Amino acid sequence: MKLEALGSLVALAGGVVCAMAPDHDQHPKRVVGNNDVNNGSKTSFTGDLICFATSFTAAAYLIIAQRLRAKLDMSVFMFLMYTISSLLVLSFIILNQTEPVSLSFHPVHGIFGWMNPMLDRLPLELWMVLVCNFVGGIGFVEALKYFSPVVISVVMLAEPAIAMLEGVVAGGFPPL
């Protein structure tokens, strides 16, 4: 318990340091092409707010998943989780997309456009579903039986670094 409290204090101190970072408005304006790089503290505050909300939702997800996982079969839990997640994402897309969304296989605006047998669509989607979602998502939820949500959340923080390494192995290089 003492180490968890210390970890929470360190995380809080890191959040305070990040929040105290200077705004872009305090620096001379930089323009790259036609884009103003310094779009001010409003964007910074919005990003900070999204990160803050994300941390709370991730913590709530892990705690709820740990409790529900003990009561539900894994397949039922994952079905409910992916159904609710896809409905939320789909509603967000429909509400925020500038182009019309259709119930078609159109590669740009069709809800089922990912199913087109194009080289840049279906294999990538199958990789994301089979490896990332099933192995990653089910692995994390299954691991909640053996580890606390704190341990799982620390492992989840390594996902971006692992994804970058997968990209390098697949022939891509991270931007410099």
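Residues numbered from 1 in each chain as written. Predicted model: local features only at pLDDT ≥ 70, side-chain atom pairs only at ≥ 80, totals over all residues. Heavy atoms only, no water.

A. Here's a closer look at the pattern of salt bridges. Counted by the stated rule, this structure contains two salt bridges. The residue Glu142 makes a salt bridge to Arg69 at a minimum N-O spacing of 3.1 Å. Residue Glu142 is located in helix 4 (residues 122-143), and its partner Arg69 is located in helix 2 (residues 40-71); the two are separated by 73 residues in the primary sequence. Here Glu142 and Lys145 are joined by a salt bridge, their closest N and O atoms 2.8 Å apart. Exposure remark for Glu142: the relative accessible area of 24% places this residue in the partly exposed category. Residues participating in the shared-partner salt-bridge network are Arg69, Glu142 and Lys145. (Salt bridge = Lys/Arg side-chain N within 4 Å of Asp/Glu carboxyl O. Helix = DSSP H or I, 4+ residues; strand = E, 2+ residues; numbered from the N terminus. Buried < 20%, exposed > 50% of the residue type's maximum accessible area, 1.4 Å probe, protein only.)

B. Molecular detail of helix 4. With 22 residues, helix 4 extends 29 Å between its outermost C-alpha atoms, agreeing within 8% with the 32 Å of an ideal straight helix rising 1.5 Å per residue. Within helix 4, burial applies to Gly136, Gly137, Phe140, Val141 and Ala143. (Expected span 1.5 Å × (residues − 1).)

C. Region of interest: the environment of Val155. Mapped onto the fold, Val155 is located in helix 5 (residues 149-156). Val155 sits in the partly exposed class, given a relative accessible area of 44%.

D. Representation of a nonpolar patch on the surface. Residues Val76, Phe79, Leu80, Ile84 and Leu88 make up a contiguous nonpolar surface patch of roughly 500 Å² in combined accessible area. You can see Val76 is positioned in helix 3 (residues 74-96). (Patch = residues over 30% accessible without salt bridge, like charges linked within 9 Å, V, L, I, M, F, W, Y side chains within 5 Å. Areas by Shrake-Rupley, 256 points an atom, 1.4 Å probe, with all protein chains shown as cover.)

E. Expanded view of the nonpolar core. The biggest cluster of nonpolar side chains holds eleven residues, and these are Leu62, Ala65, Met74, Phe77, Met78, Met81, Phe140, Val141, Ala143, Leu144 and Ile152. For this core, the secondary-structure elements that each account for two or more residues are helix 2, helix 3 and helix 4. A per-element tally of this core places helix 3 first, with four residues. (Core = buried A, V, L, I, M, F, W, Y, C linked by side-chain atoms within 4.5 Å.)

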